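Architecture at a glance
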Amino acid sequence: MNKNSKIDILGVKIDNIDMNEAVKNAETFMNEGGFHCIFTPNSEIVMSAYKNDRFKEIINSADMLTPDGIGLVYAAKILKNPLKERVAGFDLVMKLFENISKSGKRVYFFGSAPGVADEAKKKLEEKFEGINICGTANGYFDEKREKEIIEEINFLKPDLLLVCLGSPKQESWITEHRSELDCRLAIGVGGTLDVISGKAKRAPDIFIKLGLEWFYRLLKQPARIGRMMALPKFLFTVIGKRMKGDNKNA
Ligand code: UDP
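Attention in this report is confined to the structure presented alongside it. (Residues numbered from 1 in each chain as written. Predicted model: local features only at pLDDT ≥ 70, side-chain atom pairs only at ≥ 80, totals over all residues. Heavy atoms only, no water.)

1. Topic: the side chain of T136
- Within the element layout of this structure, T136 appears in strand β6 (residues 132–137).
- What T136 contacts, discounting residues up to four positions off in sequence, is Y108, F109, A117, D118, K121 and E152. (Helix = DSSP H or I, 4+ residues; strand = E, 2+ residues; numbered from the N terminus. Contact = heavy atoms within 4.5 Å.)

Dropping the structure here:
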């Protein structure tokens, strides 16, 4: 992968890339030997990393960090080092599926409630002819089941492993098991399988284009108000650090 420039947001080193570069890098990871991982932090995840040094280390250990969330785009502007664009994990994996369906690469889905990954597999097989989703496992497991899942992944050797356990579980899980996993690229992408399966809905394009996906989610799930407050808190923290001059950009 080319050395991307990174933007330091509260200690998290986000890659300043656009969608095409993110897709290219992900494909390079799948074609190279060894294990790689991509995390897709939003402002909530960056805020958690800011408050927890161990989690910050985990996040920064990824081979690529895509800016998933309009909050990061605003933060980078505040830091006078703008990001090229928002690169949502969901959009990134949909682009990868499109290319993968032509290349014969193998995909494994790990995470979400029982039945969701299988439903997502069905939906994608209808959408992308030739896609090879070689296995699925739900994200509710005990130690014994976890061992079986890792064994199955290693038997199937997928090129791409989606880990959808929510944050911080998925990033911690990937980091803890990266030396045991026989796959090329793991991506932590939260509720992506819920959206693909139809269990959850993404905001209409107009909301996404206007940077108002968070507002749409709030309208649909008013109970998320607590989580939503993380966005203004995050931006105030970035402004505060900027004013103190102790958030230097890489
Ligand atoms: N999840 C899981 N195992 C767990 C906890 C959560 O598989 O132990 C799944 C959950 O079913 C959902 C996803 O992780 O599909 C997290 O979704 P959420 O919308 O919270 O993700 P985010 O907002 O972090 O993208």
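Okay, back to it.
2. Examining the layout of surface pockets
- Computed from the structure, the largest pocket encloses a volume of approximately 1200 Å³.
- Elements with a contribution of two residues or more to the lining of the largest pocket: α2 (43–51), α4 (70–78), α5 (89–103), α9 (192–197), α11 (213–220), α12 (225–228) and α13 (230–244).
- No other element matches the five residues that α11 contributes to the lining of the largest pocket.
- For the lining of the largest pocket, the residue count by class is 16 nonpolar, 16 polar and eleven charged.
- Here the second largest pocket defines a volume of roughly 180 Å³.
- Along the wall of the second largest pocket there are 13 residues; nearest its centre are S112, Y140, C164, L165 and G166. (1 Å grid on protein atoms, 1.4 Å probe; cavity = no way out; pocket = protein on both sides within 12 Å on 5 of 7 lines; lining within 4 Å. Points joined across faces, edges and corners; volume = space filled by probe spheres on them. Nonpolar A, V, L, I, M, F, W, Y, C, P; charged D, E, K, R; others polar.)

3. Topic: the pairing of strand β7 (residues 160–164)
- β7 sits mainly inside the fold: five of its five residues count as buried.
- Burial along β7 is two-sided: L160, L162 and C164 and L161 and V163, pointing in opposite directions, are all buried.
- For the crossover from β7 across helix α8 (residues 169–177) to strand β8 (residues 185–188), the handedness is right-handed. (Buried < 20%, exposed > 50% of the residue type's maximum accessible area, 1.4 Å probe, protein only. Right-handed = clockwise from strand over helix to strand, strands pointing away.)

4. Topic: the environment of G69
- Inspection of the secondary structure assignment puts G69 in the loop between β4 (64–65) and α4.
- Taking the C-alpha atoms as reference, G69 lies 26 Å from F128; in sequence the two are 59 residues apart.
- Filtering out sequence-adjacent residues up to four positions away, G69 remains in contact with N42 and R86.

5. So, the site of the ligand
- Of all residues adjacent to the ligand, which total 14 residues, the nearest are S112, G139, Y140, K169 and D194.
- Look at the ligand: alone it shows 550 Å² of surface, and the protein chains cover 73% of it.
- Put simply, the ligand lies in the second largest pocket.
- For the shell around the ligand, the per-class residue count stands at four nonpolar, seven polar and three charged. (Near = heavy atom within 4 Å. Areas by Shrake-Rupley, 256 points an atom, 1.4 Å probe, with all protein chains shown as cover. Sits in = over half its atoms within 2 Å of the grid points.)

6. Section: the packing of aromatic side chains
- As enumerated under the stated definition, the model contains five aromatic pairs in all.
- With a centroid separation of 6.0 Å and 65 degrees between ring planes, the pair formed by F97 and F109 is classed as edge-to-face. Here F97, found in helix α5, pairs with F109, found in strand β5 (residues 106–111); they are twelve residues apart in sequence, far enough to count as distant.
- Residue F97 is classed as buried on the basis of its relative accessible area of 0%.
- Here F109 falls in the buried class, since its relative accessible area comes to 0%. (Phe/Tyr/Trp six-rings, centres within 6.5 Å; stacked < 30°, edge-to-face > 60°.)

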